[in-house]
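Here are the chains, one letter per residue:
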Number of protein chains: 2
Amino acid sequence: MTTEPQPEHSGHSDHTDTTGKPSAGPAPRPHGFSRRRLIASAAAAGGTGVVGAVAGFGVGRSGAEDRAEAEPSRDLTGANGPATVPFYGPHQSGVETPPQAHAHFLALTLKPGIKAADVVRWLRLLTADAAALTQGSGPLADSEPELASDPARLTVTFGFGRGLVELAGGKSVPKWLGPLEKFPIDDLDSDRCTGDLLLQICGDDPLTLAHAWRMLWKDSRNFAEVAWQRDGFRRSYGSQGEGKTQRNLFGQLDGTANPGPGSEDFARLVWGQSTGRKDAVHSARGEPPANLGAHLPEWMRGGTTLVLRDIAMNLDTWDKADRPAREFATGRTLDKGAPLSGTDEFDAPDFTAVDKRGLTKISAASHVARARDGLGPETQIHRRTFNYETGAGQGAGLLFASFQADIERQYLPIQRRLAEVDLLNEWTTPIGSSVWAIPPGIKEGEYIGQSLFEG
Amino acid sequence: MTTEPQPEHSGHSDHTDTTGKPSAGPAPRPHGFSRRRLIASAAAAGGTGVVGAVAGFGVGRSGAEDRAEAEPSRDLTGANGPATVPFYGPHQSGVETPPQAHAHFLALTLKPGIKAADVVRWLRLLTADAAALTQGSGPLADSEPELASDPARLTVTFGFGRGLVELAGGKSVPKWLGPLEKFPIDDLDSDRCTGDLLLQICGDDPLTLAHAWRMLWKDSRNFAEVAWQRDGFRRSYGSQGEGKTQRNLFGQLDGTANPGPGSEDFARLVWGQSTGRKDAVHSARGEPPANLGAHLPEWMRGGTTLVLRDIAMNLDTWDKADRPAREFATGRTLDKGAPLSGTDEFDAPDFTAVDKRGLTKISAASHVARARDGLGPETQIHRRTFNYETGAGQGAGLLFASFQADIERQYLPIQRRLAEVDLLNEWTTPIGSSVWAIPPGIKEGEYIGQSLFEG
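As annotated in an unreviewed UniProt entry, chain A carries the name Dyp-type peroxidase and is attributed to Brevibacterium koreense. Comment text from UniProt for chain A, heading Cofactor (unreviewed entry), reads "heme b". According to the UniProt record, the Sequence similarities (unreviewed entry) comment for chain A is "Belongs to the DyP-type peroxidase family."

**A word on the packing of helix 4 (residues 116-133) of chain A against helix 6 (residues 206-218) of chain A**
Residue and element names in this part refer to chain A. In contact at an axis separation of 10 Å, helix 4 and helix 6 are set at 165° when each is read in the N-to-C sense. With respect to helix 6, the element helix 4 is oriented roughly antiparallel. Where helix 4 crosses over helix 6, the two elements pack in a sense that is right-handed. On the side of helix 4, the interface is formed by Leu126, Asp129, Ala130 and Leu133, while helix 6 contributes His211, Ala212, Met215 and Leu216. Residues of the contact of helix 4 with helix 6, tallied by class, amount to six nonpolar, one polar and one charged.

**Details of the packing of aromatic side chains**
Inspection of the entire model under this criterion finds 14 aromatic pairs over all chains. Ring centres 5.2 Å apart and planes at 75° place the aromatic pair B:Phe87 and B:Tyr88 in the edge-to-face group. B:Phe87 gets classed as buried once you look at its relative accessible area, which sits at 5%. The class for B:Tyr88 is partly exposed, based on a relative accessible area of 23%. Ring geometry for B:Phe105 and B:Phe386: centres 6.0 Å apart, planes at 70°, overall edge-to-face. Of this pair, B:Phe105 sits in strand 3 (residues 102-110) while B:Phe386 sits in strand 10 (residues 382-389), placing them 281 residues apart in sequence. Each member of the pair, B:Phe105 as well as B:Phe386, is classed as buried. Chaining the aromatic ring pairs together yields one cluster made of A:Phe250, A:Trp318 and A:Trp427.

**A few points about the environment of B:Lys443**
Looking at where B:Lys443 falls in the secondary structure, it is placed in the loop between strand 12 (428-438) and helix 13 (450-453). Counting along the chain gives 355 residues from B:Lys443 to B:Tyr88, while the straight-line C-alpha distance between them is 5.5 Å.

**Observations regarding the pattern of salt bridges**
Using the criterion set out here, one finds 48 salt bridges over all chains in the structure. One salt bridge connects A:Glu166 with A:Arg162, and the closest N-O pair in it is separated by 3.0 Å. With a gap of four residues between them, A:Glu166 and A:Arg162 both fall in helix 5 (residues 162-168), about one helical turn apart. Here A:Arg162 falls in the partly exposed class, since its relative accessible area comes to 32%. Where A:Asp205 meets B:Arg235, a salt bridge forms, and the shortest distance between an N and an O atom there is 2.9 Å. Taken together, the positions of A:Asp205 in the loop between strand 5 (197-203) and helix 6 and B:Arg235 in the loop between strand 6 (224-233) and helix 7 (237-240) put the pair across two chains. With respect to burial, A:Asp205 and B:Arg235 carry one shared label: buried.

**Notes on the UniProt feature "domain: Dyp-type peroxidase N-terminal" (unreviewed entry) in chain A**
UniProt feature "domain: Dyp-type peroxidase N-terminal" (unreviewed entry): in the numbering of this structure it lies at residues 92-234 of chain A. For residues 92-234 of chain A, helix accounts for 27% and strand for 22%, while the C-alpha atoms at its two ends are 21 Å apart.

Parameters at a glance
- Residues numbered from 1 in each chain as written.
- Chains lettered and ligands numbered in written order.
- Predicted model: local features only at pLDDT ≥ 70, side-chain atom pairs only at ≥ 80, totals over all residues.
- Heavy atoms only, no water.
- UniProt positions renumbered as here; feature names shortened; annotations may be inferred.
- Axes fitted to C-alpha atoms, helices over the stretch in contact; angles between N-to-C directions.
- Helix = DSSP H or I, 4+ residues; strand = E, 2+ residues; numbered from the N terminus.
- Parallel < 35°, antiparallel > 145°, perpendicular 65-115°, else oblique.
- Left-handed = near helix turned anticlockwise from the far one by under 90°.
- Contact = heavy atoms within 4.5 Å.
- Nonpolar A, V, L, I, M, F, W, Y, C, P; charged D, E, K, R; others polar.
- Phe/Tyr/Trp six-rings, centres within 6.5 Å; stacked < 30°, edge-to-face > 60°.
- Buried < 20%, exposed > 50% of the residue type's maximum accessible area, 1.4 Å probe, protein only.
- Salt bridge = Lys/Arg side-chain N within 4 Å of Asp/Glu carboxyl O.

Here it is in structure tokens:
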């Protein structure tokens, strides 16, 4: 039973796609840029389309012409440099965008005495910065604009903490916007649980990223102090491309069960906007998909929620576990990430399958069983994780960014079960935890948070 | 006046190229790998060759066949993942290799009581690890071999400090192997100037790199403590490809004057092995190129020296300088990196050129004038630099790795002049400094340092 499809992005006629399909951006280049932009765009789209696009590039034009026009200082392996993700749109980028290779999470605390009008000025400034930087241009105050010219899918995603939303006044402050309930597995460092504004700055190029977050920080120093920050990484675009399930520092494939960007599930589970399309996951009883975003205040329509957990991983003790022990703990094979009941990464886990001895193939205490067995189809989150490792003999872990329309219905049931029993807890310790309201995207001329401060 | 060409790599018949041309490595893959390897190899070779190779891939085979054989989980933009740099060869890799996107510098200090025989065991272990990891395989003790499978031009370069060389006994200890003379610009942190063994671990993929240095650290813990470590970065392979002159965090193009990989100049200036080829730079008096490596002890033949400077950059005060002031200080334009006397990055600076007012276009106190004017053609170094930025409000700078055959004749004349006068010193402070002997490369079956311990 499904309802009729409805337009998903009504009222935003000038909005563009902020999913996994970065367009070639208007990064200013002196000349000879349009063709490269085309290539970059095709390449950035990923998958087999790239083979076609690149082959087509060779087939459709003579080699001599290609050589004459090609700039010797740029080759196809660098095609991701000019790739941009649209900044404007109904949703902020950096959520549905396939995770980039690098992330800088910068949590900021408002300085004493800062008023709502100051925050608006600050958000206008940061919006202008982000709009320019993500499209490959230095913002006005940028004295090194050359460092902005290879955006490489740069995104800037704003998250609001409770303090900032309360300061806006007049608007409903969601009750979930604050510390999560305490879990027995937590060993939280209070310095990693604070902040009024979160900037999640992601990109495929580390130099572009470093410049971008410094620009944003420069324009924040009058308004806020650093609460905490973390650099995270995944495989580089050049080594693996985008949008693949990737491994964390335990060697596990991480994020297999995520809803796919652009899917009906994504719209419903993350943006809380059910379109009733036929590919929606129904409940076990065949009920129509719930509108998971119904609880969100009006100023958050088109937005979502972010639970950001800093999970320390004890690589030294993990090293001491052999591969069967690790696979037993996770419920998946280490090589392919297949559930122990199946053979392929994307096989649905069968929690009833038994081996020759009559034991379930997937332990009921394993991570995958605890995270998924017995939970309804709505109890899903969108993970966007980044590894961190700060040095030999120092900390390593995972920045676990979980986006979902409804923390109470989607995130917490999973987290409560994992906190109760999960064999993986032996090697992991949450040391940071924060909750953020992700406001909606904007149109040109607006600023991020406008619906909160002026809506 | 030149001498006859001589074989450069005599006595190493099985050695392969360790310059900027990474070959496709024997990374173990279950199936379907050979074609991708070919593509990756072509792509890794860079330049216009890539356009040809990729186009040829499309042209020479039917689209249907490609689609059938292509793994949907890998696209051409990820072609750099399987690219390898040979580990064995007359020289260590990671010197002539065009700098990768990421570096981890790990300096280690021998534990008390460690003897020469222990060091040999350790070096054998690290050699085996590096030989496997750089070619895309996990070493024997690796319990996450999947994290090794995308080497992405991983290299591991070993440097020996004075303590390790003295421990070997019996071999001449170079007098230059120890702290540099004190420069008035230095404000050294003694914790960043120590170490008996340096591992310079570089690669284009941050996950592969993190796994690699952790494997090397794991196999070092019984022998050594961490002296200091730094992560550095450059533009990603995916955004810019390899081998381009890149910008540092000041926005300057950095490394323009480097000798080209594979050139006679490189062989002479870095490896200290003049082949007398005609492309050698002669002195102003037309004298044949000096054998700059003549002073190196026998166990270092095929090796070189590394001066590693950790240069803090004050981005906040640099921000306050306008572009004309910055260009005046560096002697080059910020956009193209052209000397102020010319128009192109690779124009030779003309230190006598004057403007309409009769003033020299390049200030005699500028960085380029101080670094280059009046110094002979031998006074050149090979810079292999990485940026670092540890967080908003924290330190930023440049890991300045300078390779040269002769520190006294090549590095010190430049450094002394820059320490005396260089307008850039206003914004930079050397906070770390160390000197390393880079032993030669090895053949399969040998270990790095064998010429020192058993030669």
